[in-house]
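Fold and contact review
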Amino acid sequence: MAKGVEWALHTLLNLDMIGGGPVGSGQLAEAHGLSPSYLNKQLQQLARAELVVSVPGPRGGFRLAKPLEVITLLDVVEAIEGGTQLFHCTEIRCCGKIGELSPPPTDACAVNAAMRRAEQAWRQALSAQSLADIRAELDRTPMTRQVIRSALN
């Protein structure tokens, strides 16, 4: 999974902790020592997924488009990575000497089926956890909000 998912998650949580935004992409990037152009790419993907809204103007930037309670981890992963399947079966069971010595398969690839089940379980687990759940964990660390507010002001 790309680092962009991690940065997107932190950015959404940071926007919530400072009241929802708007905050400029440069300011958000500086808070974590990132390249503004790199983070802006993630923010644009979040905007296309309607997780943030771009606010124009001198006091503009990005703000949350929805409350954290309705944004799931899967929403963020799909915004950054897309919704494509992670495993791609290429039917290697039919290649090489094994393929030459075996009759043509008449059943589904067991490896492919197992990977599909695992990916489905992973996606269900991601969709069951909201960013509000993560925020609740962060709120147990008293300094978190203060540090984020200081870094973004």
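For the structure itself, consult the block above.
A short tour of the structure in this document, coming up.

It is worth spelling out the overall build of the protein at this point. Of the regular secondary structure elements, the protein holds 8 helices and 2 strands. Counting from the amino terminus, the protein carries its helices and strands in the arrangement α-α-α-β-β-α-α-α-α-α. Relative to the globule expectation of 15 Å for 153 residues, the C-alpha radius of gyration of the protein, 21 Å, shows a markedly less compact shape. In terms of overall dimensions, the protein has C-alpha extents of about 65 × 30 × 25 Å along its principal axes. Accessible area of the protein: about 9,300 Å², with a carbon and sulfur share of 56%.

This part takes up the pairing of strand E1 (residues 52-55). Sheet topology note: the E1/strand E2 (residues 61-64) ladder contains 4 bridges and is antiparallel. What sits directly across from valine 52, in E2, is leucine 64. Connecting E1 to the next strand, E2, in antiparallel fashion are 5 residues, including glycine 57 with a positive phi near 110°.

At their nearest, the axes of helix H4 (residues 73-81) and helix H6 (residues 110-127) sit 6 Å apart, and the two run at 115° to each other. Contact residues: Leu73, Leu74, Val77 and Glu78 in H4; Trp122, Arg123, Leu126 and Ser127 in H6. Of the residues that constitute the contact of H4 with H6, the class distribution is 5 nonpolar, 1 polar and 2 charged.

Evaluation of the coordinates by the stated rule reveals 4 salt bridges. A salt bridge links arginine 135 to aspartate 16; the shortest N-O distance between them is 2.1 Å. Placement of arginine 135 in helix H7 (residues 131-139) and of aspartate 16 in helix H1 (residues 3-17) is noted, with a sequence separation of 119 residues between them. Judged by its relative accessible area of 9%, arginine 135 falls in the buried class. With relative accessibility at 23%, the residue aspartate 16 sits in the partly exposed group. The shortest N-O distance in the salt bridge between glutamate 119 and arginine 123 comes to 3.0 Å. Within this pair, glutamate 119 and its partner arginine 123 are both found in helix H6, separated by 4 residues, close to a single helical turn. In terms of burial, glutamate 119 and arginine 123 fall into one category: buried. Each of the salt bridges in this network shares a partner with another, and the network as a whole consists of Asp16, Arg135 and Asp139.

Each pair of packed helices can be summarised by the angle the axes make with each other and by the distance between the axes. Direction vectors running N to C along H1 and helix H3 (residues 36-48) enclose 75°, while the axes themselves pass 10 Å from each other. The angle between the axes of H1 and H3 places the two elements in the roughly perpendicular class. Where H1 approaches H3, its residues Lys3, Gly4, Trp7, Ala8, Thr11 and Leu12 are matched on the opposing element by Tyr38, Leu39, Gln42, Leu43 and Leu46. Here the contact of H1 with H3 is built from residues that sort into 7 nonpolar, 3 polar and 1 charged.

Okay, H1 next. Its 15 residues place the ends of H1 21 Å apart at the C-alpha level, agreeing with the 21 Å of an ideal helix rising 1.5 Å per residue. Within H1 the residues assigned to the buried category are Gly4, Val5, Trp7, Ala8, Leu9, Thr11, Leu12, Leu13, Asn14, Leu15 and Met17. Downstream of H1 by one or two residues, glycine 19 has phi in the positive range, about 105°.

Glutamate 119 sits in the buried class, given a relative accessible area of 9%. Residues in contact with glutamate 119, not counting those within four places in the same chain, are Thr84, Gln85, Leu86 and Phe87.

Scoring rules and cut-offs
- Residues numbered from 1 in each chain as written.
- Predicted model: local features only at pLDDT ≥ 70, side-chain atom pairs only at ≥ 80, totals over all residues.
- Heavy atoms only, no water.
- Helix = DSSP H or I, 4+ residues; strand = E, 2+ residues; numbered from the N terminus.
- Rg over C-alpha atoms; globule rule 2.2 N^0.38 Å.
- Areas by Shrake-Rupley, 256 points an atom, 1.4 Å probe, with all protein chains shown as cover.
- Pairing = 2+ DSSP bridges.
- Axes fitted to C-alpha atoms, helices over the stretch in contact; angles between N-to-C directions.
- Contact = heavy atoms within 4.5 Å.
- Nonpolar A, V, L, I, M, F, W, Y, C, P; charged D, E, K, R; others polar.
- Salt bridge = Lys/Arg side-chain N within 4 Å of Asp/Glu carboxyl O.
- Buried < 20%, exposed > 50% of the residue type's maximum accessible area, 1.4 Å probe, protein only.
- Parallel < 35°, antiparallel > 145°, perpendicular 65-115°, else oblique.
- Expected span 1.5 Å × (residues − 1).

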